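Tertiary structure, described
So you can see what is in the structure, the chains are spelled out below.
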Amino acid sequence: MWPRCGRDLDELLFPGLSSLVVEELALADAVVRVRARSAGAEAPCPSCGTRSRRVHAWQLRHLSDLPVAGRPMAVELRVRRLVCTGRTCPQRTFREQVPLLAARYARRTVRLTGMIGQTAVRLAGRAGSAVLGLLGVTVSRSTVLRTLMTLPLPETTSPVPPVLSVDDVALCRGRRYMTMVIARARPRLRGAAHRTAR
Ligand SMILES: [Zn+2]
């Protein structure tokens, strides 16, 4: 007999949601819908750091999360607007954040944004959007490229050339081209990418 996983299985299937109270899980219109709410712990005021659990109001956030079994997952999250009890704080209320789940104002979870970003690094816009669509993530190629642009540049140990030159070479005129990146100060090829004519 297999051991009962309980909380561990929740964490495996819904990482980031395990700190919340999941109230409802349903499959509707081919979308896995999760309704969750804040667990009610104290949260720090972003202005003064005073911790509070005094509720002013509840607010809804709608987030897209990683697909489950090829189906998109939509999270309807109820979070609290809390009263800051700091005596000198200019901010009277603030919305609690769930940083492990989603960035402030984000419409996608951290892990879904990570998946889009890693796909963009390897496939860029059009191909990235197509592959993500097969996996159950519907995003435009513009969104894929925007996500790519937000990623930090990889660290490199080699010095960055002060001047770069970019040139196109026709491998088969009208059909196949190559883009070259050349360091002008010490002329040598830094990179090349093949592409077809459009
Ligand atoms: Zn405050």
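Structure shown above.
Criteria and thresholds
- Residues numbered from 1 in each chain as written.
- Predicted model: local features only at pLDDT ≥ 70, side-chain atom pairs only at ≥ 80, totals over all residues.
- Helix = DSSP H or I, 4+ residues; strand = E, 2+ residues; numbered from the N terminus.
- Axes fitted to C-alpha atoms, helices over the stretch in contact; angles between N-to-C directions.
- Parallel < 35°, antiparallel > 145°, perpendicular 65-115°, else oblique.
- Left-handed = near helix turned anticlockwise from the far one by under 90°.
- Contact = placed C-beta atoms within 7 Å.
- Pairing = 2+ DSSP bridges.

**Examining the environment of Pro99**
Tracing the backbone shows Pro99 in the loop between strand 7 (93–95) and helix 2 (110–135). Counting along the chain gives eleven residues from Pro99 to Val110, while the straight-line C-alpha distance between them is 8.3 Å.

**Re the packing of helix 2 against helix 3 (residues 141–150)**
Where helix 2 meets helix 3, the axes come as close as 8 Å, and the angle between the chain directions of the two elements is 125 degrees. Regarding the angle of helix 2 to helix 3, the classification is oblique. Handedness of the crossing formed by helix 2 with helix 3: left-handed. Residues Thr113, Ile116, Gly117, Thr119, Ala120, Val121, Gly125, Arg126, Gly128 and Ser129 of helix 2 pack against Arg141, Val144, Leu145, Thr147 and Leu148 of helix 3.

**Considerations on the pairing of strand 5 (residues 55–68)**
Pairing analysis gives eleven bridges linking strand 5 to strand 6 (residues 71–83), with the strands arranged antiparallel. When the bridges of strand 6 are listed, Val68 appears paired with Arg71.

On their own, these measurements won't tell you what the molecule is for.
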